[in-house]
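The residues making up each chain are set out below.
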Amino acid sequence: MPLPCRAAADHSYVAAPSDAQASKALAQLVLDDLKATLVDKTVSRLSKQGATKVALPKLKDLGKSLGVATVLASPSNLRCLLTIAATPEVEYLKENNALRCIANTCLLIESARATFIDAEVNGGSICLDLLQKSSSLEAIYLTSRILFLCTASSESSAQFIEWMVENKRPNTPGSGTAIDVIGTKMDELVRCMEAGNSAGGATPEDAMTDLLKLVFNICVHYPKLVDGEIRTAEITASGDDQKVMGDLWSPRLDGLLPPLLRAFHGLQPSSPHPLVPPMSHIIHSLITIPVNASTRTMWFGPQPSVPQSRSTSSDSASSSSSGSPKPEINAPLPTKETKPRAFDRALSALTAGRRSWSRSSISRSTTPAVPDTAIRACELLDATLTSFFQGDSDPDDINIRDRFRTHWSMKDSSMSDAISPLVLLLTRFCLGDEDAKLRIRSWFVPENLDRTKPLEGRDDVLGRCLRLLQSVYHNRLGKCIGEMFFAMYDSSATNLTALGYGNFAGFLFNKGLVTGPPASNPGDHLTTASGQAIDPITGTIAKEREPDNSMTEEEKEREAEKLFVLFDRLERTGALPPSQNPIRKAMQRGSG
């Protein structure tokens, strides 16, 4: 075809088709012309420039409709798109629209995912090859996205997932499987994010997010497919229907933990909140990996036997006597200050920890020297909660909920969805490793904790967690926090009284542990490090009452107000039925 005619054909694709049937026909026509120009190198109506700059973008736009995606989902068309994506004319473009067509088709047409990884197309293997050899963010992002979509269902992708984990690949270090390919790409993307590399098209954050979604699919599905080892003692005698995410594991996946932890420690904390992709997806993947003796060093590094404490400005008067070493990742987090802002302080602690980690080179060792992941998770939770509510504000306040929807721009999510996975990770640390549990407990509740004021009113992570326990609007997050503290205190309702039985009464009731307040035997009192008795109901320092102490009217009013708040809290959390609330009964009798 003469060049003028080719140019006319190039631009003829820009015109929009009149109906759905015409769109399908045009899509097939465009794909046939692309194959002739870029793959077969035969006479075509398209020039190479027209194929890459006009026809491919047009096919991508057409493929956004369900009807056209159905056309592209055939084995021959998927195979054709995959071949086009690997041609030199397309592979090194800023946007690989052939891969984008495949990704969009797999998103819209569920059956296309199984078709793509079947032997007839062999798309899974080819995508993995592209992921391994490519340094382009666009290619890493799109191949990761396609593989993530194709492994979403274990029913349709079981054989492919097993092949990915077990098949030896040429020129691949480590175990030589896709696990090592994925780990290498995670390390590369962390370096890209630290350097701020993004030259248009996909960003390193986009690529890392979809690669982590693939990691999550593998971690969840593969152990179930191969009857992985049970790593949770509580379910050993239970049936298969009791096994949930993280209960089963396979040693073949151990190679994913080091790069995940390098990313967890190495990513620059974001503002105004830390738990955005890809960090949120790192946490999702970490939750699926067991915490036990064999992985302890990878999780926490060589930690000292003395638990680390979190120091606060309100507790600093006695902090000099504790003598606990404080590594750079556990930077002090002062409270009750107006400058700098609480979130800035929490963020600076995260940054200090990240800098400490980033000074050590990223290697592919299976047992890297890492900072304490438990303390890193604690600091992430502190920074996240601080970004939601300052001071002693109520998490159920309308302004707090509006802040989540507007300031965080997460209208389709909730505070529970965003924060619960991180709380669950901390709970797993407490259940899986005794030393980690002690360090976490010491970080939340340091020995020099100021107990002269109500613990739930504190302007720090402990106070915010205790207030969330009583939350009505964030009930699921409150339950997760309750489980975290329950694990932190040896799964003992009695031990929880160190933080006040009143703070956990509703949680314990819903958990079926209706033990009532602990008996106040003189010899059983909990005490602070300085020997002061702790009130088991409030968790504050117990005040001695003089025998002849007569209360003034103002003191009686204050005590009555405290009782009203306590019974109202118990009623809101379900620990006390409304009909059993003595305050409500008295008010009803008074109004009657």
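What this report covers is the structure whose coordinates are included nearby.

Comments concerning the overall build of the chain
Assigned secondary structure in the chain consists of 26 helices and four strands. Intrachain contacts of the chain at a sequence separation of at least 6 include 68% that bridge at least 24 residues. Carbon and sulfur atoms form 53% of the exposed surface of the chain, whose accessible area is close to 26,700 Å².

Digging into the pattern of salt bridges
Side chains that carry opposite charge are capable of pairing whenever their charged atoms lie near each other. Taken as a whole and assessed by the stated rule, the structure comprises 22 salt bridges. E138 is paired through a salt bridge with R100; the nearest N and O atoms lie 2.8 Å apart. On the criterion of sequence distance, the pair formed by E138 in helix α10 (residues 137-150) and R100 in helix α7 (residues 97-108) is long-range, its members being 38 residues apart. The class of E138 is buried, set by a relative accessible area of 4%. The exposure class of R100 is partly exposed, given its relative accessible area of 22%. R458 is the salt-bridge partner of D460, the closest N and O atoms lying 2.9 Å from each other. Taking the relative accessible area as the measure of exposure, D460 reaches 2% and is therefore buried. Linked by salt bridges that have partners in common, E434, K437, R441 and D490 make up one network.

Examining the side chain of K437
Relative to the helices and strands, K437 resides in helix α21 (residues 434-444). Ignoring sequence-local partners within four residues, the contact set of K437 consists of F429, C430, A487, M488 and D490.

Considering the packing of aromatic side chains
For any pair of aromatic rings, the description rests on two quantities: the centre-to-centre distance and the angle between the ring planes. All chains considered together, the criterion is met by eight aromatic pairs. Measuring from centroid to centroid gives 5.8 Å for F485 and F504, while their planes differ by 75°, and the two rings are edge-to-face. Remark: F504 occurs in helix α24 (residues 501-510) and F485 occurs in helix α23 (residues 475-488); sequence separation between them is 19 residues. Exposure remark for F485: the relative accessible area of 0% places this residue in the buried category. Members of the aromatic cluster, each reached through a chain of ring pairs, are W443, F444, F485 and F504. Sitting over the ring of F264, R376 keeps its end group 5.8 Å from the ring centre. The positively charged end of R441 is found above the aromatic ring belonging to Y489, 5.2 Å away from the centroid.

Re the packing of helix α2 (residues 20-39) against helix α5 (residues 75-85)
Their axes nearest at 10 Å, the elements α2 and α5 cross at an angle of 40°. One way to sum up the angle between α2 and α5 is to call them oblique. The way α2 lies across α5 gives a crossing that is left-handed. Note on element contacts: α5 touches α2 through N77, C80, L81, T83 and I84, opposite Q28, L31, L34, K35, L38 and V39.

Structural notes on the environment of D435
Turning to its location among the elements, D435 is positioned in helix α21. It is 9.7 Å that separates the C-alpha atoms of D435 and F300, two residues lying 135 residues apart in sequence.

Some remarks on the environment of R458
Take R458: it is sitting in the loop between α21 and α22 (461-469). Note: C-alpha distance between R458 and S393 (65 residues apart in sequence) is 9.8 Å.

About the criteria used
- Residues numbered from 1 in each chain as written.
- Predicted model: local features only at pLDDT ≥ 70, side-chain atom pairs only at ≥ 80, totals over all residues.
- Heavy atoms only, no water.
- Helix = DSSP H or I, 4+ residues; strand = E, 2+ residues; numbered from the N terminus.
- Contact = heavy atoms within 4.5 Å.
- Areas by Shrake-Rupley, 256 points an atom, 1.4 Å probe, with all protein chains shown as cover.
- Salt bridge = Lys/Arg side-chain N within 4 Å of Asp/Glu carboxyl O.
- Buried < 20%, exposed > 50% of the residue type's maximum accessible area, 1.4 Å probe, protein only.
- Phe/Tyr/Trp six-rings, centres within 6.5 Å; stacked < 30°, edge-to-face > 60°.
- Lys NZ or Arg CZ within 6 Å of the ring centre and 35° of its normal.
- Axes fitted to C-alpha atoms, helices over the stretch in contact; angles between N-to-C directions.
- Parallel < 35°, antiparallel > 145°, perpendicular 65-115°, else oblique.
- Left-handed = near helix turned anticlockwise from the far one by under 90°.

The values are spatial; any link to function lies outside them.
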